[in-house]
Structures are given as C-alpha cells and as structure tokens.
Amino acid sequence: MLGIAVFFFVIAFAVVASATAWEYTNSSEFCGTTCHTMPPEYTAYQVSPHARVACVDCHLGQDSFREAVPAKAKEITHVTNALFNTYDPPIYIKNLKPARDTCEKCHNPDKFSFDTFEQFSHFSTDETNSEDRYYMSFKTGGGKEEQGLGKGIHWHIDSEVYYYTDDPLKQTIPYVKSVAKDGTVTEYFDSEAGLPSDFGVTNAEDLKQMDCVDCHNRISHNFRSPNDSMDDAMDTGQIDKTMPYIKAKGAGILSVPYADKEEAHAAIDGLDAFYSQNYPVYYAQNQDKVASAIDKIKVMFDETVFPDMSVGWQTHPNNVGHKDFAGCFRCHDGKHTTETGESIRLECNVCHSIPEIVKPGQQPPVINLDNSNEPDSHKNSNWIAQHRYVFDESCAECHDVSNPGGTDNSSF
C-alpha cells in the first residue's frame, strides 16, 4: 500500500514539476535573461508597446500544448548556438510565424480604424535647437472591401499582396503581385531588377504573402535612431530643449561607434566639460539639467546600442514609414511598374495627409477631415514624380507657385 502511495506521489510531483518548468521556460523573463545573446532584444522589448505580451505568443504562437511542444523543441538550436558560440552577431530572426497566426489573434484586421491625427516635433542642430512641429493625419483604414471599406494603410492586409525578396532584411523587393477580390492579378516589376516577365509563375513558391510585420517589423524590438531618441526626449521634457546645442551634441555622441558601453558612457560624460567650458554662465545656473541630460543620454545609448552583440539602430531597419529606411518606398518607389507602365501608387496622400509644418510661435494648423478639393491630378499613381513638371497657376489655391519642387517647404 505504501509503495502505491509513493508511486502516485512521484507521478504527481513529476507532473507538477513539469508544468512549473513549462510555465517558467515560457515566461518572458526566462526568454530575456537566461541567454547571454538576448540583452538587445529583451531591453527593447521592455520599452515596447508589447511589453506585457509574452514572448512566446509571437515567437511560438498561441497554439495548443500539443502543437507548442514540438514547435518549442525545434528551437533547441538557439540553446546550442548560445552554448557553443556558433552564431554571427547581429542576430536576426529567421522563422517567425506569420502575423495571421500571431498578431491577428489580438489585432483584428476586419475592424475599421478611423484616421489618426499625430503631432511630431523635430529639433534642429543649431545652438537654440530650433523646433519644427509636424501635423498630419494617417489614413489607417481597415475593414472589408465588401463593406465599402478596406482602404487606407491596412488595405495591404485586407487584400492579397505577394512579394519576392532575396534580401534577409527585406530591404529590396523587386517583384510585387496583388490579387483583387474578383481574382484579377496585377504584377509589378522593379524596372532595374531585370526579372523575366514570367517570374511570378516560375517562382511562385518563392513568393511571400504580405502581412503586418512586413511593415511593423520592429514593433516589439525597436532600436531608435539618435535623432528620434533625442527629439522624443526633448519634446517630452526629459532633456531640457533650451540647453545650447544639446540636440547636436546628444545625437552626435549617440551616432559614434564605440568599442563598449564604458567608452560610450565616458564620451557622454564629456558633455559636462563641454558646457562648463563653453557656456560657463549657463552651466553655473543649470548643472542639474546638464547632469540629467547626461543620465538620460546614457539610458538612450543602453537601450539602442549593444557593441558586444554588434547591434544598433542601423543594423535593424524599421520599415514603418520612410524616414530613416526605405520602408514604404521599398515598393512605392515609382520603379515598380506593370507591363503597361502603371506603377504602384506613389503619391504622398495615399497613406497620410500632406504634413503641416509649424515654426516656433506659430499656431497649430486646421487640418481638414475631408479633402474634398483635392484635384484629380493628385490621384495619379505617379503624381509625386510628375507634380513639379505640371505645377502652374491652377495650383495657387493651395500652393505658392514660386518654388515648385523646392526643398524648403515654402511651396505649401
């Protein structure tokens, strides 16, 4: 009788221990702290919008226990690579599950989303850190085409869009195919890639269906650029924007490659000497602001640059937008055309309104909810390339026609 009791006790203990081990090895803490290769990803994850989403929900998916066990067993290669240093930094993910099996478990692409209004501040690198504020609305879209929706940025998810790339980071995309609801197929070829006209048929197995992470690829592990990091810290008051040259000095220090964290922190500490020597009056009255800025810039470095793993903001392109990396312009570049010469739409206001730029002291603009006076010419798929050549007095209602195509924004 005692033997039977001991047997069942051992079985129960094994079950509880196994369940505990399973839960712990599925925890984000385990994923982020057990392996010495994980600090970059785990650090970025902790300050991301998904900081409360378990790592395994994206990397393994929300599958049943029966499906999760063999999937997790396949990841044993990560353990062996870490133990025997058989990896080449920087490390990139190679087998993330499709967004349809992960992201869309929480984010329903059938749901319609209204336009989103955003304000961005950009500080120049002059002595006063001159601030420009950018106002625009993003045409998020969503919903189903059958409901008269399915427009805007999320058209890419409601629709069937396929692409080909031989670039592991997906920064070059020479071929795109869209399949309309009625089955009509439209193929776009990068005019500089030299692909054969039957590429989409002969290489069908190499095509990937576009999903959320083709644009939102850094949503959980973003290493922000020095300019973006400084702009955000100054805009939110974490760094005093009245400090002379702080944008130039901070972004400049963060842009330099360093051998290790200690070297970087020493360079950042040099800001104290810069202000004490060049701005002694300001420094005498604001030593606390200088010290606070130094501490914040160190945090920014520690969150975005990892010399020992060869990771920095430039090693991991962010495909949302098109400022620091090609992003949208990987396909919307004017070079992807059909055999009849139609290109993938290139005009700015496909995805967002024309930015309204406000200088210091100016009032925020009034942004129209419905641009009913938008001329048909703006809807041309090649308008962004054509507009400077057909700019005339008919455009004067919205534009100053003295500087068409200029770079100083005076034509708006």
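Relevant structure appears above.
Residues numbered from 1 in each chain as written. Predicted model: local features only at pLDDT ≥ 70, side-chain atom pairs only at ≥ 80, totals over all residues. Heavy atoms only, no water.

Geometrically, a packed helix pair is captured by the angle between its two axes and the distance between the axes. It is the contact of helix α9 (residues 226-235) with helix α13 (residues 287-304), at a shortest axis distance of 11 Å, that shows an interaxial angle of 140°. As summarised for this structure, α9 and α13 are arranged oblique, according to the angle between their axes. At the point where α9 passes α13, the crossing takes the right-handed sense. In this structure, α9 uses S229, M230 and A233 to contact α13, whose residues at the interface are K296, I297, M300 and T304. (Axes fitted to C-alpha atoms, helices over the stretch in contact; angles between N-to-C directions. Helix = DSSP H or I, 4+ residues; strand = E, 2+ residues; numbered from the N terminus. Parallel < 35°, antiparallel > 145°, perpendicular 65-115°, else oblique. Left-handed = near helix turned anticlockwise from the far one by under 90°. Contact = heavy atoms within 4.5 Å.)

Here we come to the sheet that holds strand β3 (residues 131-138). Read across the sheet, three strands follow the order β2-β3-β10 without closing on themselves; strand pairing throughout is antiparallel. This sheet does not close on itself; its edge strands, each paired only once, are β2 (116-123) and β10 (356-358). Averaged over neighbouring strand pairs, the angle between their axes works out to 20° when direction is ignored. Note: β3 against β10, three bridges, orientation antiparallel. The residue bridging R133 from the neighbouring strand is V358, located in β10. (Pairing = 2+ DSSP bridges.)

Turning to the sheet that holds strand β7 (residues 185-190), a few remarks are in order. Across the sheet, which stays open at both edges, the five strands sit in the order β8-β5-β6-β7-β9 with antiparallel pairing between neighbours. The two strands at the open ends of the sheet, each matched to only one other strand, are β8 (208-209) and β9 (336-337). In this structure, strand β5 (residues 160-164) lies alongside β8, joined through two bridges in antiparallel fashion. The partner of Y162 across the bridge, within β8, is Q209.

All right, on to the pairing of β7 then. On any regular strand, side chains alternate: one points to one face of the sheet, the next to the other face. Across five bridges, strand β6 (residues 175-179) lies against β7 in antiparallel orientation. Its bridge partner being in β7, V179 is matched across the sheet by V185. The loop that links β6 with its antiparallel partner β7 comprises five residues; one of these, G183, has a positive phi angle of about 90°. Across two bridges, β7 lies against β9 in antiparallel orientation. Note that in β9 the partner of F189 across the bridge is T337.

Turning to the layout of surface pockets, a few remarks are in order. Put simply, the second largest pocket is a space of about 250 Å³. In terms of lining residues, the second largest pocket is bounded by 14 residues, among which V256, P257, V305, G312 and Q314 are the most central. Tallied by class, the residues present in the lining of the second largest pocket amount to nine nonpolar, five polar and no charged. (1 Å grid on protein atoms, 1.4 Å probe; cavity = no way out; pocket = protein on both sides within 12 Å on 5 of 7 lines; lining within 4 Å. Points joined across faces, edges and corners; volume = space filled by probe spheres on them. Nonpolar A, V, L, I, M, F, W, Y, C, P; charged D, E, K, R; others polar.)

Here we come to α13. The end-to-end C-alpha separation of α13 is 26 Å, in line with the 26 Å expected for 18 residues at 1.5 Å each. Of the positions making up α13, those classed as buried are V290, A293, I294, I297, K298, M300, F301 and T304. Along the long axis of α13, the arc covered by the buried residues comes to 160°, so they all point the same way. If you follow the buried residues of α13, they end up packed against α9, α10 (246-255), α11 (261-278) and α12 (280-285). (Expected span 1.5 Å × (residues − 1). Buried < 20%, exposed > 50% of the residue type's maximum accessible area, 1.4 Å probe, protein only. Arc of directions from axis to C-beta.)

Take the packing of α9 against α10 next. Where α9 meets α10, the axes come as close as 9 Å, and the angle between the chain directions of the two elements is 140°. Judged by the inter-axis angle, α9 sits oblique to α10. Between α9 and α10 lies a crossing of right-handed hand. In contact with P226, N227, M230, D231 and M234 of α9, α10 contributes I246, K247, G250, A251, L254 and S255. Residue composition of the contact of α9 with α10, by class: six nonpolar, three polar and two charged.

A few words on the state of the cysteines. Scanning the entire structure with this criterion turns up zero disulfides. Residue C106 stays outside any disulfide, its sulfur separated by 8.3 Å from that of C58, the closest cysteine. Free of any disulfide, C328 has its nearest cysteine sulfur in C351, 5.6 Å distant. (Disulfide = S-S within 2.5 Å.)

Membership of the largest hydrophobic core comes to 26 residues, with the highest contact counts inside it found for M230, I239, I246, Y275 and I297. The set of elements that each furnish at least two residues to this core consists of α9, α10, α11, α12 and α13. Beyond its immediate sequence surroundings of up to four residues, M230 is in contact with I239, I246, K247, G250, A251, L254, I297 and M300. (Core = buried A, V, L, I, M, F, W, Y, C linked by side-chain atoms within 4.5 Å.)

As a further point, take the environment of S28. By the secondary structure assignment, S28 is in helix α2 (residues 28-33). Among the residues examined, S28 registers a relative accessible area of 15% and is labelled buried. Distance from S28 to D392, taken between C-alpha atoms, is 58 Å for residues 364 residues apart in sequence. Residues in contact with S28, not counting those within four places in the same chain, are Y42, Y45, V53, A54 and C55. A polar atom in the side chain of S28 sits 3.1 Å from the side chain of Y45. (Polar contact = N/O pair within 3.5 Å; in protein donor to acceptor, adjacent residues only side chain to side chain.)

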